[in-house]
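Chain by chain, the residues run as shown.
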There are 2 protein chains.
Amino acid sequence: MHSGRDDRVRNLCDEIENYIKVVLASAGGTSVEIQRNALADRFGCSPSQINYVLATRFGPDRGYVVESRRGGRGFIRISVVPLDSDGAMDELLAAMEGQSLSQDQAEDIIVRLVEAGVIKVREAAIMRAAIDRRTLGVPLPARDEIRGRMMQAMVAACLRHAREESIEEG
Amino acid sequence: MHSGRDDRVRNLCDEIENYIKVVLASAGGTSVEIQRNALADRFGCSPSQINYVLATRFGPDRGYVVESRRGGRGFIRISVVPLDSDGAMDELLAAMEGQSLSQDQAEDIIVRLVEAGVIKVREAAIMRAAIDRRTLGVPLPARDEIRGRMMQAMVAACLRHAREESIEEG
DNA sequence: AGTAGAAGGTCAAACAAGGTCAATAATGCA
DNA sequence: TGCATTATTGACCTTGTTTGACCTTCTACT
């Protein structure tokens with residue numbers, strides 16, 4: 001359910017998200033600064049709409065960090081956090097520790113893992129199949145708890161396996 | 001005003017199913033997006049009727065994937081997936097249908113899949129992590145039931161994906 | 001230093017979808 | 001005809017989006 005490369009924009013939210021990502025990409029890909037009011041103006045919406053987009057599309061779970069400064073010459077800086085170092089993965093694992101996960105949250109993680117090249121598309125498909133609510137078929141909140149443990153276990157297995165492979169190769 | 005045609009439909013359900021398939025076909029055949037309320041409106045039925053049609057006529061078993069998004073400008077996307085027809089695997093899938101699986105039984109299946117070259121070692125590791133009794137953390141017999149559905153879903157995902165890859169490569 | 005104005009932040013309400021479930025109706029079949 | 005399956009509906013639920021009123025923090029200027 002994540003934005004495929006669909007050039008047709010569905011709503012304001014997506015439009016703004018898209019715009020920010022384009023700006024981000026054309027600015028070298030690691031970080032941009034925007035003005036909240038200017039952006040709101042450009043899209044003819046209320047400024048708080050920008051906050052909504054940032055909160056729902058550029059959260060840490062999606063691999064972004066958002067910083068800001070108020071007052072004159074204020075700004076909002078959006079940076080991308082690469083997930084390719086071992087450190088970041090360990091962090092992710094630690095963050096998942098004991099956490100319940102909704103299907104959407106798990107999907108976010110899977111997408112990030114694929115984008116970071118940590119897992120392959122087919123592996124992602126396996127994970128998705130495994131954590132799907134219909135597959136689990138257990139009522140909430142137990143379902144999200146199980147899913148949390150599954151994601152943790154599967155990602156850990158991936159890491160272990162990646163390391164074993166590199167040892168074998170090394 | 002009644003169509004003198006042969007393709008007279010029995011009921012609403014079939015009518016809607018038909019309509020969606022026509023739209024699908026005229027949209028290039030792989031994917032369409034509909035609005036639940038708009039469709040319900042067009043057929044003068046309750047919105048949940050649309051869900052019923054989707055559930056009974058456009059399930060994965062019939063080769064469709066249905067995704068959706070709520071909220072403003074929400075939508076329902078219906079996509080066609082080419083269904084694979086690999087004899088042995090289909091047999092395995094059919095055999096797993098609705099079956100509870102102990103961890104040992106699942107392990108046997110995973111080993112066979114690796115030996116048969118259907119899945120890679122790393123993929124096997126992911127599956128093992130997912131279906132481990134400690135990961136699931138649910139008492140029997142629910143645990144084995146969940147595991148059964150997981151194996152079924154994961155293997156099916158593998159098959160679907162194998163097929164997609166070969167199309168891309170071909 | 002004090003302060004005005006320029007940012008950005010928060011939150012809850014209104015609104016806009018789609019989802020679920022169980023009761024009921026209709027249909028098909030032995 | 002009576003039972004089992006399949007359709008249909010409506011009441012209620014969950015999720016996602018958009019806006020506006022009000023709050024906080026910062027810079028620049030006097």
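Note that this is a predicted model, so its numbers are computed, not measured.

### Examining the side chain of A:Glu17
All names here are of chain A.
Next, step 1: Inspection of the secondary structure puts Glu 17 in helix 1 (residues 12-26).
Next, step 2: At 2.9 Å, the side chain of Glu 17 and the side chain of Lys 21 are in polar contact.
Next, step 3: Within the structure, Glu 17 has its side chain in polar contact with the side chain of Arg 57 (distance 3.0 Å).
Next, step 4: Dropping the residues within four chain positions of it, Glu 17 is found in contact with Val 53, Arg 57 and Phe 58.

### Some details on the protein's contact with DNA strand D
Next, step 1: As a matter of local geometry, DNA strand D sits amid 27 residues, with A:Ser48, A:Arg70, B:Ser48, B:Tyr52 and B:Arg70 nearest to it.
Next, step 2: Counted by atom, the contact set of DNA strand D within 4 Å of the protein is 58% sugar and phosphate.
Next, step 3: B:Gln49 has a polar side-chain atom sitting 2.8 Å from a phosphate oxygen of DNA strand D.
Next, step 4: One of the side-chain N or O atoms of B:Arg57 is found 3.1 Å from a phosphate oxygen in DNA strand D.
Next, step 5: At the level of elements, helix 1 and helix 3 (47-57) of chain A together with helix 1 (12-26) and helix 3 (47-57) of chain B are the ones that each hand at least two residues to the surface near DNA strand D.

### Thoughts on the nonpolar core
Next, step 1: Counting 58 residues, the largest nonpolar core has A:Met150, A:Met151, A:Met154, B:Met150, B:Met151 and B:Met154 as the members making the most contacts within it.
Next, step 2: When contributions to this core are tallied by element, the ones reaching two or more residues are helix 4 (86-96), helix 5 (103-115), helix 6 (121-131) and helix 8 (142-169) of chain A together with helix 4 (87-96), helix 5 (103-115), helix 6 (121-131) and helix 8 (142-169) of chain B.
Next, step 3: Beyond its immediate chain neighbours, meaning those up to four positions away, A:Met151 contacts A:Met96, A:Leu101, A:Ala106, A:Ile109, A:Ile110 and A:Ile131.

### Structural notes on the domain arrangement of chain A
Interfaces are frequently sized by the accessible area removed from exposure as the parts join.
Next, step 1: For chain A, the assigned domains read domain 1 (4-80) and domain 2 (88-169).
Next, step 2: Between domain 1 of chain A and domain 2 of chain A, the C-alpha centre-to-centre distance is 27 Å.

### Brief notes about the protein's contact with DNA strand C
Next, step 1: The environment of DNA strand C is formed by 27 residues, the closest being A:Arg36, A:Asn51, A:Ser68, A:Arg70 and B:Asn51.
Next, step 2: Close to the protein, within 4 Å, the atoms of DNA strand C are drawn from sugar and phosphate at a rate of 59%.
Next, step 3: In the environment of DNA strand C, a phosphate oxygen lies 2.9 Å from a nitrogen or oxygen atom belonging to the backbone of A:Arg36.
Next, step 4: Here a base nitrogen of DNA strand C sits 3.0 Å away from a polar atom, N or O, in the side chain of B:Arg36.
Next, step 5: Classifying every residue of the surface near DNA strand C by side-chain character gives four nonpolar, 15 polar and eight charged.

### Let's talk about the packing of aromatic side chains
Here the distance between the centres and the angle between the planes together describe a pair of aromatic rings.
Residue and element names in this part refer to chain B.
Next, step 1: Under the counting rule described, the total for this entry stands at four aromatic pairs over all chains.
Next, step 2: Judged by centre distance (5.5 Å) and plane angle (75 degrees), the rings of Tyr 19 and Phe 43 are edge-to-face. Separated by 24 residues along the polypeptide, Tyr 19 in helix 1 and Phe 43 in the loop between helix 2 (36-42) and helix 3 bring together distant segments of the chain.
Next, step 3: What makes Tyr 19 partly exposed here is its relative accessible area of 26%.
Next, step 4: On the basis of relative accessibility, which here comes to 18%, the residue Phe 43 falls in the buried class.
Next, step 5: Plain terms: the ring middles of Phe 58 and Tyr 64 are 4.7 Å apart, the flat faces sit at 70 degrees to each other, and that makes the pair edge-to-face.
Next, step 6: Here Tyr 64 falls in the buried class, since its relative accessible area comes to 12%.

### Describing the interface of chain B and chain A
Next, step 1: If you look at the interface, chain B gives 33 residues, while chain A gives 31 residues.
Next, step 2: Scanning the region where chain B abuts chain A turns up three salt bridges.
Next, step 3: Close ionic contact of A:Asp14 with B:Arg69 constitutes a salt bridge, the shortest N to O distance being 2.6 Å.
Next, step 4: Linking chain B to chain A there are eleven residue pairs in polar contact (both at pLDDT 80 or more).
Next, step 5: Elements that contribute at least two residues to the side of chain B that touches chain A include exactly strand 2 (64-69), strand 3 (75-80), helix 6, helix 7 (133-136) and helix 8 of chain B.
Next, step 6: The element best represented in the side of chain B that touches chain A is helix 8 of chain B, accounting for ten residues.
Next, step 7: Class assignment of the residues belonging to the side of chain B that touches chain A gives a composition of 18 nonpolar, five polar and ten charged.

### Here's the deal with the layout of surface pockets
Residues and elements named next belong to chain A.
Next, step 1: One number sums up the size of the second largest pocket: a volume of about 400 Å³.
Next, step 2: Lining the second largest pocket are 18 residues, and of these Pro 60, Asp 61, Leu 92, Ala 95 and Arg 112 sit closest to its centre.
Next, step 3: Counting only elements with at least two residues in the lining of the second largest pocket, the list comes to helix 4 and helix 5.
Next, step 4: Class assignment for the residues of the lining of the second largest pocket results in eleven nonpolar, three polar and four charged.
Next, step 5: When residues of the lining of the second largest pocket are assigned to domains, at least three fall in each of domain 1 (4-80) and domain 2 (88-169).

Rules used in this analysis
Residues numbered from 1 in each chain as written. Chains lettered and ligands numbered in written order. Predicted model: local features only at pLDDT ≥ 70, side-chain atom pairs only at ≥ 80, totals over all residues. Heavy atoms only, no water. Helix = DSSP H or I, 4+ residues; strand = E, 2+ residues; numbered from the N terminus. Polar contact = N/O pair within 3.5 Å; in protein donor to acceptor, adjacent residues only side chain to side chain. Contact = heavy atoms within 4.5 Å. Near = heavy atom within 4 Å. Core = buried A, V, L, I, M, F, W, Y, C linked by side-chain atoms within 4.5 Å. Buried < 20%, exposed > 50% of the residue type's maximum accessible area, 1.4 Å probe, protein only. Domains from an automatic or database assignment. Nonpolar A, V, L, I, M, F, W, Y, C, P; charged D, E, K, R; others polar. Phe/Tyr/Trp six-rings, centres within 6.5 Å; stacked < 30°, edge-to-face > 60°. Salt bridge = Lys/Arg side-chain N within 4 Å of Asp/Glu carboxyl O. 1 Å grid on protein atoms, 1.4 Å probe; cavity = no way out; pocket = protein on both sides within 12 Å on 5 of 7 lines; lining within 4 Å. Points joined across faces, edges and corners; volume = space filled by probe spheres on them.

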